[in-house]
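Below, each chain spelled out in residue letters.
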Amino acid sequence: MAVAQISSLDGFRSGRRLAALLRGHDEIAAAVQAARATLQPVVSFDHLAAWDEAVHGLFAVNLGAAVVLGYLRLSERWPVQRPADDLVAIGRAVSDIGRSAGSRVAHALLTELSKVLPRLAGAGELTAVLAAFGQLADTGPESAGLAIVRLELFLAQSGGEAFSAWVSAGLRASGGRAARRRAYFALEDPLSARLFAAGRTGDDFSRLEKRLAATTLALWNRKSRFRKLAVAPTPVPRRTSLAAGFIGLPETFPGFEGEGADALYLAAVAHAGAHLVHSTVRFPVGRLKALQIALVSLIEDARVETLALRELPGLRRLWLPFHTATPSGQATAAGLMTRLARALIDPDYQDSDAWVTKGQQLFAAAADRWTDPAISREIGGLLGNDIGQMRLQFNAKSYVVEPAYRDDNLALWDFGDQPDSPAETIELAVDSVRIERRDDPAAQSADDDAKPDEALRARAGAATLLDGFPAATYPEWDYAARAERADWTTILEADAAVSAKPFDLPADTDTMRWVTRLTRDASIGRRIRHKGQRDGEALDIDAAVAVTIERRAGNTGEPRVYQRDAPGPRDLAILLLMDLSQSTADRDRRGRTVLDVERKAAAIMATAVEAANDSIAVHGFSSDGRERVRYLRIKDFEEPMDAVVRSRLAGVASSHSTRLGAALRHAGGYLAGRRAFRKVLLLLTDGEPSDIDVPDPQYLVEDARRAAQQLRRRSTDIFAFGIGEGRFPQLDRIFGERYALRVPRIEVLPQRVMQLYAELKK
């Protein structure tokens, strides 16, 4: 009873404080009374007092009458079955978010929450969304409004926790830069678009796959094989793709649901079937420009559909509803192409543009040759020249085939022996330097829910030649979003600078004597079996049978009937990767830096491995953000350990940070190119992964762990030496306890490295 009285008193006092605050604000005061009257019968005194405080906080933060009234209207309509704690949480969160991001964002959030509240019924869903907006308002208030307008669409396809992960991924991806945050939350960033689309719980392809297979069999008498295409990592919508005998279809077509999605999938497989039947040759790309490729593809689409309609006129009902282009006063290349696509299939369509009319006339004039694919090349080439003379711009990167049921047309083209994917060939190449995109073929793992797209593109970024030339881009694993960020890091590669004074081998006679003893007569790799020997450890059965036959035939010969195994050629490839981050310049009590000890260990090991006729490369790395991962070649596999290499070793210096995952992937690429029985990547580091654009300490650890796992799946052994007195708790996480080795006393690093080498040679 006493507790109830105290609660009642608290509620009375909170109401009095709120009434005093609102004196003179008659409209808001009246709305408060109305909302309070609605809530009072269904919530406890404690909750009512907390609600009063939430309203008090909204008013006190001076967000304006519209925000307070919006919260009060939400309170009046609050569902009885919904906990009052959620209503109070919304009030407090909007107050905090408005304080950081402004009243306009606060009002927009309240408006959006009133619409999506039924979708946030699960345990913790609302809490996750409010926490995500709170984090965004604190870190990137300029982007909060962009995220709010996408909340309803996101929740229509996923849940609150997935939305929270999407927001967190954007804040990490932006690296503290407002422009990148705006691009991410506006869905202009490839990663954002991919993660946003990945949140969909619907999968129209899986739902319709059997029906689509039956449709293609009925239409074209073909048993087609389908595959579901991964979510595209760009804002450009994905289209159907034909490759290697498969019809690839997106798991969803954005903007199409229910019956509309069903109709689009049926139209897409009907169009794909028309290509399989009537597109009998592939066009050589040659020196065609991107615009010409797109136009030839458009004419070929019209040609195969025209032939299909001769046999199956009812297909027009499938295709024609998606041709919605209409004449427009503003002419663009992409717009004219969409209008031409409709003009070539819709006999009732009239277009006043002379270019569209010319396309119709050229296509109609070739009616007696519609079965010849060459007309597509001819007509497309002529129309492309006209577009060029009209000075209409065409952006190959943003162009997407329209209407949506048509495929991407890449299967129509023969790109020859060009090393990159067709999608990359269409785009303009980087003028200054060619970047190679390198993927990890073993990137699929048990914890990988997102497959990287097949047409990932490399970007040079802004780099100075002093840092090296852009050599490759690599993906990076976002453990929170459970997705791989395509082409996220850029490797800048260069030969290490040469110092005027070479790094002389240590004059430690005990160490060198131990190295000499270790490498003498050492071997590793395959053992070669020598047959037909005069003596050996085992009998050579084939030789013994042959000798027996010869003797029974009356012939005598030398009885070489034994076999023995002997060591084969040394077949070990080691890549020694040195951490060159700024922390390696730290000195111990005796004035020695970690980098000095790394140099000594590298020199001793390279000399020993070379003496043992094994191959070794010595490389180093540091990073200054994801677009500047510097990778220095100190000694390559084929180079001898001579004065030049020792001068490079002396010239390396400590700088910047430690983006380990990218360096491991690049080093693994070098090892993958070696023909060796055993491949070993050996890391020397004094710390754990970090970089200037990554505030989450766990992010780079998980990415490095994933890189290490991928390399091991490619049969590369990886070992890491943690140098110094640090505990290095994350090394075990990255490499595993057996492969993460500690060296608290930095002076013993060379001996520990050589001990590992001795174990590898057993």
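This text follows the structure it describes.
This report concerns the structure included in the present document. Fair warning: this is a prediction, and the values are worked out from it, not measured in the lab.

1. Focus: the packing of helix α15 (residues 290-311) against helix α19 (residues 374-389)
Okay, step 1: Orientation of α15 relative to α19, taken along the N-to-C sense of each, is 135°, at an axis distance of 8 Å. Between α15 and α19, the angle falls in the class oblique. Where α15 crosses over α19, the handedness of that crossing is right-handed. Of the residues in α19, those in contact with L291, Q292, L295, V296, I299, E300 and R303 of α15 are I375, S376, R377, I379, G380, G381, L383, G384, N385 and I387.
Okay, step 2: Split by residue class, the contact of α15 with α19 holds eight nonpolar, six polar and three charged.

2. Focus: helix α6 (residues 103-116)
Okay, step 1: With 14 residues, α6 extends 20 Å from end C-alpha to end C-alpha; this agrees with the ideal 20 Å at 1.5 Å per step.
Okay, step 2: All of the buried residues along α6 are V105, A106, L109, L110, E112, L113 and V116.

3. Details of the packing of helix α4 (residues 65-76) against α6
Okay, step 1: Between α4 and α6, the shortest axis-to-axis distance is 9 Å and the interhelical angle comes to 15°. Relative to α6, the element α4 lies roughly parallel. Judged by the twist between their axes, the crossing of α4 over α6 is left-handed. Facing A66, V67, G70, Y71 and L74 of α4, the residues of α6 in contact are S103, A106, H107, L110 and S114.
Okay, step 2: Partitioning the contact of α4 with α6 into residue classes produces six nonpolar, four polar and no charged.

4. Details of the sheet that holds strand β1 (residues 225-229)
Okay, step 1: With mixed pairing, three strands are arranged side by side in an open sheet as β1-β3-β2. In this open sheet, the two strands that pair with only one neighbour each are β1 and β2 (241-243). Between one strand axis and the next, the sheet turns by 30° as a mean value, whatever way the strands run.
Okay, step 2: Sheet strands in contact with helix α13 (residues 204-220) are β1 and β3 (246-250), and its direction is about 155° off that of β1.
Okay, step 3: Strand contacts of helix α14 (residues 258-278): β1, β2 and β3, with the helix running at about 155° to β3, the strand carrying the most contacts.

5. Section: the pattern of salt bridges
Okay, step 1: Counted according to the given criterion, the structure contains 34 salt bridges.
Okay, step 2: In this structure, K115 engages E152 in a salt bridge whose closest nitrogen and oxygen atoms are separated by 3.7 Å. One end of the pair, K115, is in helix α6; the other, E152, is in helix α9 (residues 151-157), and 37 residues separate them in sequence.
Okay, step 3: A relative accessible area of 33% means that E152 is categorised as partly exposed.
Okay, step 4: Here R633 makes a salt bridge to E493, at a shortest N to O gap of 2.3 Å. Here R633, found in strand β14 (residues 629-635), pairs with E493, found in strand β8 (residues 483-495); they are 140 residues apart in sequence, far enough to count as distant.

6. Structural notes on the pairing of strand β15 (residues 678-685)
Okay, step 1: The buried count for β15 comes to seven of eight residues, which makes it a mostly enclosed element.
Okay, step 2: Summarising the sheet, strand β12 (residues 572-579) and β15 pair through seven bridges and their orientation is parallel. When the sheet's bridge partners are listed, L576 is paired in β15 with L682.
Okay, step 3: Two strands pair when backbone bridges link them, and β15 and strand β16 (residues 716-723) are joined in this way by seven bridges, in the parallel orientation. Across the sheet, L682 pairs through a bridge with F719, a residue of β16.
Okay, step 4: The β-α-β motif built from β15, the intervening helix α26 (residues 697-713) and the parallel element β16 has right-handed crossover chirality.

7. Some thoughts on the side chain of D703
Okay, step 1: Mapping D703 onto the fold places it in helix α26.
Okay, step 2: What makes D703 buried here is its relative accessible area of 0%.
Okay, step 3: The contacts of D703, once residues within four sequence positions are left out, are P475, E476, W477, G661, A662 and R665.

8. Details of a nonpolar patch on the surface
Okay, step 1: A contiguous nonpolar patch, built from L539, I541, V545, I549 and Y562 and spanning about 460 Å² of accessible area, is present on the exposed surface.
Okay, step 2: Looking at the nonpolar patch, the element that brings in the most residues is helix α22 (residues 541-552), giving three residues.

9. Re empty space enclosed by the protein
Okay, step 1: Enumeration over the complete set of coordinates arrives at two cavities of 30 Å³ or more.
Okay, step 2: What the largest cavity holds in volume is close to 60 Å³.
Okay, step 3: Around the largest cavity, the lining is made up of 13 residues, and of these R172, R485, R659, D693 and V694 lie nearest the centre.
Okay, step 4: Those elements giving two or more residues to the lining of the largest cavity turn out to be α10 (160-174) and β8.
Okay, step 5: Here the lining of the largest cavity gets three residues from one element, more than from any other, and that element is α10.
Okay, step 6: Of the residues assigned to the lining of the largest cavity, the class counts are four nonpolar, two polar and seven charged.
Okay, step 7: The space that makes up the second largest cavity amounts to roughly 30 Å³.
Okay, step 8: Along the walls of the second largest cavity sit L39, V43, H47, L48, W51, A84, L87 and V88, which together make up its complete lining.

Cut-off values and rules
- Residues numbered from 1 in each chain as written.
- Predicted model: local features only at pLDDT ≥ 70, side-chain atom pairs only at ≥ 80, totals over all residues.
- Heavy atoms only, no water.
- Axes fitted to C-alpha atoms, helices over the stretch in contact; angles between N-to-C directions.
- Helix = DSSP H or I, 4+ residues; strand = E, 2+ residues; numbered from the N terminus.
- Parallel < 35°, antiparallel > 145°, perpendicular 65-115°, else oblique.
- Left-handed = near helix turned anticlockwise from the far one by under 90°.
- Contact = heavy atoms within 4.5 Å.
- Nonpolar A, V, L, I, M, F, W, Y, C, P; charged D, E, K, R; others polar.
- Expected span 1.5 Å × (residues − 1).
- Buried < 20%, exposed > 50% of the residue type's maximum accessible area, 1.4 Å probe, protein only.
- Pairing = 2+ DSSP bridges.
- Salt bridge = Lys/Arg side-chain N within 4 Å of Asp/Glu carboxyl O.
- Right-handed = clockwise from strand over helix to strand, strands pointing away.
- Patch = residues over 30% accessible without salt bridge, like charges linked within 9 Å, V, L, I, M, F, W, Y side chains within 5 Å.
- Areas by Shrake-Rupley, 256 points an atom, 1.4 Å probe, with all protein chains shown as cover.
- 1 Å grid on protein atoms, 1.4 Å probe; cavity = no way out; pocket = protein on both sides within 12 Å on 5 of 7 lines; lining within 4 Å.
- Points joined across faces, edges and corners; volume = space filled by probe spheres on them.

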